[in-house]
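Listed below, chain by chain, are the residues.
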Amino acid sequence: MRNNIIDFIRGIAFILMLIHHIYYFNPNTSVPNHIEIIGKISRTIFIILVGVCMSIFNNNNNNNKYKTSWKTLKYALIVSLVTYLLLPHNNIIFFCVLHFITFSTFLMKNISSNISLTILIGILSVLLNNISFKYLGSSDIINLIFNGYSRKLQPIDIFPIFKFLPYVISGIILGKYIKDNNILPESKINKPIEFIGKYSLELYLIHIIPCIFWMKNKNNYIS
């Protein structure tokens with residue numbers, strides 16, 4: 001089931017992400033402050049929408065409700081494999097946005113209807129993000145996934161669980177107040193953006209290819 005408003009917003013977030021990544025990965029450019037802000041806005045929208053969709057569509061009678069999650073996991077593993085083969089060890093993507101979305105969906109989907117438990121998990125994530133792992137520097141991948149900082153590893157994309165899970169929680173709560181309807185009028189502008197949002201998963205996999213080669217060239221340039 002699709003929601004054209006969500007597809008439109010996700011499409012906007014994807015376009016913002018592209019703008020940020022053109023600067024971030026391109027070895028011939030630097031990243032201005034306003035581009036960093038665009039990247040943060042994009043990440044925030046993407047992750048909040050994960051929770052919104054979880055909340056809106058959770059009650060749908062769907063025997064294959066994890067179909068998209070398995071697809072996302074498959075794409076995440078492809079990204080990890082490609083970066084493992086093409087990039088230096090310290091730049092390998094081992095927990096990007098696709099890994100995070102898969103993890104948070106499997107973790108929260110069946111309990112998102114329990115608003116008290118959902119809020120509790122959000123509070124614990126905020127506390128652990130600011131108290132525990134954030135200050136434990138290491139090169140341990142598990143620690144980085146939970147939001148430690150690395151002394152050596154610098155993956156080109158990482159979405160720590162405790163840092164971003166509260167955004168999913170916010171989306172779940174927000175989704176409780178959003179009806180599953182389509183009220184966005186059709187237009188020549190809306191439809192292409194909705195298309196991008198609808199196929200953002202596939203487009204993400206395509207766009208990451210030039211990003212990886214850009215990063216490889218950047219590493220060669222630095223070395």
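Residues numbered from 1 in each chain as written. Predicted model: local features only at pLDDT ≥ 70, side-chain atom pairs only at ≥ 80, totals over all residues. Heavy atoms only, no water.

Asks: Which residues make up the environment of Phe103, and what values do they have?
Replies: Secondary-structure assignment places Phe103 in helix α4 (residues 97-108). For the pair formed by Phe103 and Leu73, sequence separation is 30 residues and the distance between their alpha carbons is 8.6 Å. Those residues in contact with Phe103 that lie beyond four places of it in its chain are Phe95 and Ile161. (Helix = DSSP H or I, 4+ residues; strand = E, 2+ residues; numbered from the N terminus. Contact = heavy atoms within 4.5 Å.)

Asks: So, the nonpolar core: which residues are in play, and what are the values?
Replies: Of all hydrophobic cores here, the largest spans 41 residues; its most connected members are Leu98, Val168 and Tyr204. Sorting the residues of this core by element identifies α1 (4-25), α2 (33-57), α3 (67-86), α4, α6 (141-145), α7 (161-175) and α9 (200-222) as the ones contributing at least two each. Excluding residues within four positions of it along the chain, Leu98 makes contact with Thr72, Tyr75, Ala76, Val79, Leu201 and Tyr204. Core analysis: the second largest hydrophobic core is formed by six residues, Ile6, Leu49, Val52 and Cys53 among them. (Core = buried A, V, L, I, M, F, W, Y, C linked by side-chain atoms within 4.5 Å. Buried < 20%, exposed > 50% of the residue type's maximum accessible area, 1.4 Å probe, protein only.)

Asks: Please give an account of the pattern of salt bridges that cites residues and values.
Replies: In the structure shown here, the tally under the stated rule is three salt bridges. In this structure, Arg10 engages Asp7 in a salt bridge whose closest nitrogen and oxygen atoms are separated by 3.2 Å. Of this pair, Arg10 and Asp7 both sit in helix α1, separated by three residues, roughly a single helical turn. No difference in accessibility class separates Arg10 from Asp7, as the two residues are buried. Two residues, Glu194 and Lys191, come together in a salt bridge whose shortest N-O distance is 3.6 Å. Here Lys191 and Glu194 lie together in helix α8 (residues 190-198), a separation of three residues that amounts to about one turn. (Salt bridge = Lys/Arg side-chain N within 4 Å of Asp/Glu carboxyl O.)

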